[in-house]
4 protein chains.
Amino acid sequence: MKHFRIPLVSVIGGAECTPAEAALAEETGRLLAQNGYGVVCGGRGGVMAAVCKGVNQMGGVTVGLLPGDDGGEANDWVQIVIPTGLGEARNALVARAGVGVIAIGGGYGTLSEMALALKWGRRVTGLQTWDIEGVYRASDPADAVRFVLGEKK
Amino acid sequence: MKHFRIPLVSVIGGAECTPAEAALAEETGRLLAQNGYGVVCGGRGGVMAAVCKGVNQMGGVTVGLLPGDDGGEANDWVQIVIPTGLGEARNALVARAGVGVIAIGGGYGTLSEMALALKWGRRVTGLQTWDIEGVYRASDPADAVRFVLGEKK
Amino acid sequence: MKHFRIPLVSVIGGAECTPAEAALAEETGRLLAQNGYGVVCGGRGGVMAAVCKGVNQMGGVTVGLLPGDDGGEANDWVQIVIPTGLGEARNALVARAGVGVIAIGGGYGTLSEMALALKWGRRVTGLQTWDIEGVYRASDPADAVRFVLGEKK
Amino acid sequence: MKHFRIPLVSVIGGAECTPAEAALAEETGRLLAQNGYGVVCGGRGGVMAAVCKGVNQMGGVTVGLLPGDDGGEANDWVQIVIPTGLGEARNALVARAGVGVIAIGGGYGTLSEMALALKWGRRVTGLQTWDIEGVYRASDPADAVRFVLGEKK
């Protein structure tokens, strides 16, 4: 049964990003929503805002796990705001909540999330991000989405 | 703006509960959904399952912040599953995520969540639960919902 | 073997406290150290500072699990500073780290720690604090220490 | 003042390790203790056990932040056991608690800790570990210790 469940994909990346990264994130969000997946992310700006924007364009669900305790720091496109108050320890929650992880750009925080997801055996793919053993380097958002949803080995 | 945001109320209580508590929780869930609020809870059985069931009956949104790292432990009526892996430290996240807290029955775990919500100045109300200073003792689910949504001082 | 292990007792209470509570906490710290126990606490002021002061007077060990990410917020008598960055979710760690819990005064944060410790089956005793089912009301620090160390049923 | 404070260095690495890595960790522990530093680690086996063993040989202090809620999973050389119950989210606490981080070998969990420490601007050095931008590659334990204690740019 469990017909109420909304499957999620973790999308991670910097709170500040380039226009090119934002475009990749927005397209990734649209594709995930079209495939029936929601997005869980860190809830802030940059890549996180762009992916949430894309998801909303296609009527999908967005969840933001914020580091701080103030819901007001969420970007405008987060529907479900969880102000964890855990600081960067919340990265572990973001990495775990999705069936897989798509990283777009990003710095050390993003790297920490990729590492944890790999530790837990999640599918991890990246666009213009860290080149770590075990991460599938996607050619574009469609490739990243296919990989993380398991349609591609 | 922020027209995408879904406001949440935290509903807490035991993972096992009496039929009377379950009925209260289910009715609470229906009323919250009818008022346009989603429910965030610990995602497991008992009161948590009953409130999620009620929310779904009225087309609302349910979020479950699980203590473990396995999404499979969520009840059937949780839509958004966040397996925090934090154990009972996740109680702090449940208490914080809602605009207020409704406690129904419950043991020491529920008490810990009520205490944290009170510390953070959240509105906290209870049905058949701990009698702690600062908690509004509601007469029924409708009274609890009115209180937590701020329609009643 | 494990002859290196230092057993700990959790001592909890407000970050601000009365002189009477501070005196109780300091005496509690001295007694725990004399019994070969270290103290784990929230690392801040008030009861936490007073108990750490007492422990140090008798050459014991003090551990402070801070809510923030800045070690500088620890009181002067904490030897081992752990800036958890978890906010009040760190209360769960304080409650769990000791073989038992002694509460002195305190508000809602203290209550949340007592509740979690009771949930986990820890011995919990209190001096001038919340009157919750399952908490042993001690008459003085010596009584509290005897109880938490299991010398008294 | 604060003359009671014991400064800590975070030492990270796999819960299983090679004899060569264990030898490096044990030597690192001895050197840190000789320099007046305690060690904070994940509290388990492999590199974590070896470094704690070395610290104890020189009379230093060892702190173990365990992922689980059972203190019994700590290695024999941990003096201060903190069973966080946070799972791998405790990695963030390990990375933050030291003035700097020394990584020895290790897998994805170690990588997540290095990434967080770098994000927070901590000095991070490694022996036979991940080659990430910002990590100083030490030639031996003495070199790693000098770097992390700031004696070397």
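Residues numbered from 1 in each chain as written. Chains lettered and ligands numbered in written order. Predicted model: local features only at pLDDT ≥ 70, side-chain atom pairs only at ≥ 80, totals over all residues. Heavy atoms only, no water.

S.K.: How would you explain the pattern of salt bridges if you had to name every residue and give the values?
M.R.: Note on pairing: side chains with opposite charge can pair once their charged atoms come close. The final tally for this structure, using the stated rule, is 24 salt bridges over all chains. With a shortest N-O distance of 3.6 Å, aspartate 69 of chain C and arginine 96 of chain D are connected by a salt bridge. Within this pair, whereas aspartate 69 of chain C is found in the loop between strand 3 (62-66) and strand 4 (80-83), its partner arginine 96 of chain D is found in helix 3 (residues 91-97), the two belonging to separate chains. Here arginine 44 of chain D and glutamate 73 of chain D are joined by a salt bridge, their closest N and O atoms 4.0 Å apart. Residue arginine 44 of chain D is located in the loop between strand 2 (38-41) and helix 2 (47-57), and its partner glutamate 73 of chain D is located in the loop between strand 3 (62-66) and strand 4 (80-83); the two are separated by 29 residues in the primary sequence. Accessibility expressed as a relative area gives 30% for glutamate 73 of chain D, which makes it partly exposed. Three or more residues joined by partner-sharing salt bridges are found here, namely Glu26, Glu27 and Arg30 of chain A. (Salt bridge = Lys/Arg side-chain N within 4 Å of Asp/Glu carboxyl O. Helix = DSSP H or I, 4+ residues; strand = E, 2+ residues; numbered from the N terminus. Buried < 20%, exposed > 50% of the residue type's maximum accessible area, 1.4 Å probe, protein only.)

S.K.: So what's going on with the relation of the copies chain B and chain A? Which residues, and what values?
M.R.: Taken as rigid bodies, chain B and chain A are interconverted by a rotation of 180° and an axial shift of 0.0 Å, the fit giving an RMSD of 0.0 Å. Overall, the copies show the geometry of a two-fold rotation axis. For chain B, the residue whose C-alpha comes nearest the rotation axis is isoleucine 80 of chain B, separated from it by 4.6 Å. Of the interface residues in chain B, 100% have counterparts in chain A that sit at the interface too, so the contact is made through matching surfaces. (Least-squares fit on C-alpha atoms with pLDDT ≥ 70 in both. Contact = heavy atoms within 4.5 Å.)

S.K.: Account for the packing of helix 1 (residues 19-34) of chain C against helix 2 (residues 47-57) of chain C, with residues named and values stated.
M.R.: All names here are of chain C. Between helix 1 and helix 2, the shortest axis-to-axis distance is 7 Å and the interhelical angle comes to 35°. Here helix 1 runs over helix 2; the crossing is right-handed. Facing Glu21, Ala22, Ala25, Glu26, Gly29, Arg30 and Ala33 of helix 1, the residues of helix 2 in contact are Val47, Ala50, Val51, Lys53, Gly54, Val55 and Gln57. Of the residues assigned to the contact of helix 1 with helix 2, the class counts are seven nonpolar, three polar and four charged. (Axes fitted to C-alpha atoms, helices over the stretch in contact; angles between N-to-C directions. Left-handed = near helix turned anticlockwise from the far one by under 90°. Nonpolar A, V, L, I, M, F, W, Y, C, P; charged D, E, K, R; others polar.)

S.K.: If you had to explain the packing of aromatic side chains to someone new, which residues and values would you point to?
M.R.: Enumeration according to the criterion identifies eight aromatic pairs over all chains in this entry. Between the aromatic rings of tyrosine 136 of chain A and phenylalanine 147 of chain A, the centroid separation amounts to 4.6 Å while the plane-to-plane angle is 15°, which identifies the pairing as stacked. Of the two residues, tyrosine 136 of chain A is situated in strand 7 (residues 136-137) and phenylalanine 147 of chain A in helix 5 (residues 141-148); the sequence distance between them amounts to eleven residues. It is arginine 96 of chain A that lies over the ring of tryptophan 120 of chain A; its NZ or CZ is 3.9 Å from the centre. In this structure, arginine 123 of chain C packs its charged tip against the face of phenylalanine 147 of chain C, placed 4.9 Å from the ring centre. (Phe/Tyr/Trp six-rings, centres within 6.5 Å; stacked < 30°, edge-to-face > 60°. Lys NZ or Arg CZ within 6 Å of the ring centre and 35° of its normal.)

S.K.: Any chance you could break down the interface of chain D and chain C for me, citing the residues and the numbers?
M.R.: At the interface, 30 residues of chain D touch 30 residues of chain C. Looking only at chain D, the three residues that lose the most surface to chain C are Phe4, Arg5 and Arg96 of chain D, adding up to 24% of its buried area. The interface formed by chain D and chain C holds two salt bridges in total. Counting across the chain D and chain C interface gives six residue pairs in polar contact (both at pLDDT 80 or more). Taken together, the elements giving at least two residues each to the side of chain D that touches chain C come down to strand 3, strand 4 and helix 3 of chain D. Considering every element that reaches the side of chain D that touches chain C, the biggest residue donor is strand 4 of chain D, with four residues. Residues belonging to the side of chain D that touches chain C are distributed by class as follows: 18 nonpolar, seven polar and five charged. (Buried area = accessible area lost by both parts, 1.4 Å probe. Polar contact = N/O pair within 3.5 Å; in protein donor to acceptor, adjacent residues only side chain to side chain.)

S.K.: Run through the relation of the copies chain D and chain C, naming residues and quoting values.
M.R.: When chain D is brought onto chain C, the operation consists of a screw motion whose angular component is 180° and whose axial shift is 0.0 Å, with 0.0 Å RMSD remaining. Comparing interface residues between copies, 100% of those in chain D also sit at the interface in chain C, which points to an isologous, same-surface contact.

S.K.: Explain the side chain of threonine 28 of chain D to me, using residue names and the numbers behind them.
M.R.: Residue and element names in this part refer to chain D. If you trace the backbone, threonine 28 turns up in helix 1 (residues 19-34). Overall, the relative accessible area of 0% leaves threonine 28 in the buried class. Within the local environment of threonine 28, its side chain forms a polar contact with the backbone oxygen of leucine 24, the two atoms lying 2.8 Å apart. In this structure, threonine 28 is in contact with Ile102, Ile104, Leu127, Pro141 and Val145, ignoring residues within four places of it in sequence.

S.K.: Can you explain helix 5 (residues 141-148) of chain D? Please cite residues and give values.
M.R.: All names here are of chain D. Judged by how many residues are buried, helix 5 sits mostly within the fold: six of eight residues are covered. For helix 5, every residue scored as buried is listed here: Pro141, Asp143, Ala144, Val145, Phe147 and Val148. Where helix 5 is buried, its residues contact strand 1 (8-13), helix 1, strand 5 (100-104), strand 6 (123-127) and strand 7 (136-137). Structurally, the start of helix 5 carries an N-cap: the backbone nitrogen of alanine 142 is 3.2 Å from a side-chain oxygen of aspartate 140.

S.K.: Requested: an account of the environment of glycine 71 of chain D, with residues and values cited.
M.R.: Tracing the sequence through the fold places glycine 71 of chain D in the loop between strand 3 and strand 4. With relative accessibility at 25%, the residue glycine 71 of chain D sits in the partly exposed group. Sequence-wise, glycine 71 of chain D and valine 81 of chain D are ten residues apart; in three dimensions their C-alpha atoms are separated by 6.3 Å. Those residues in contact with glycine 71 of chain D that lie beyond four places of it in its chain are Arg5 of chain C together with Leu66, Val81 and Pro83 of chain D.

S.K.: Tell me what's going on with the sheet that holds strand 2 of chain D, and back it up with residues and numbers.
M.R.: Residue and element names in this part refer to chain D. Within the open sheet, the seven strands sit side by side as 4-3-2-1-5-6-7. Their pairing is parallel. The two strands at the open ends of the sheet, each matched to only one other strand, are strand 4 and strand 7. Packing against the sheet, helix 1 makes contact with strand 1, strand 2, strand 5 and strand 6, and its axis sits at approximately 155° to strand 5. In this fold helix 2 packs onto strand 1, strand 2, strand 3 and strand 5, with an angle of close to 145° to the strand it touches most, strand 1. (Pairing = 2+ DSSP bridges.)

S.K.: With reference to specific residues and values, describe helix 4 (residues 108-119) of chain D.
M.R.: Spanning twelve residues, helix 4 of chain D covers 16 Å between terminal C-alpha atoms, matching the ideal 16 Å at 1.5 Å per step. Where burial is concerned, most of helix 4 of chain D is hidden: ten out of the twelve residues are buried. Buried within helix 4 of chain D we find Gly109, Thr110, Leu111, Ser112, Glu113, Met114, Ala115, Leu116, Ala117 and Leu118 of chain D. On its buried face, helix 4 of chain D is in contact with helix 3 (91-97) and helix 4 (108-119) of chain A together with strand 1, helix 3, strand 5 and strand 6 of chain D. (Expected span 1.5 Å × (residues − 1).)

S.K.: Kindly report on the pairing of strand 6 (residues 123-127) of chain A, identifying the contributing residues and their values.
M.R.: All names here are of chain A. Of all five residues in strand 6, four are buried, a share of seventy percent or more. Bridge count between strand 5 (residues 100-104) and strand 6: five bridges; the pairing is parallel. Across the sheet, glycine 100 pairs through a bridge with arginine 123, a residue of strand 6. The parallel pair strand 5 and strand 6, bridged by helix 4, forms a crossover whose chirality is right-handed. Direction of pairing for strand 6 relative to strand 7: parallel, over a ladder of two bridges. Bridge pairing in strand 7 links threonine 125 to tyrosine 136. (Right-handed = clockwise from strand over helix to strand, strands pointing away.)

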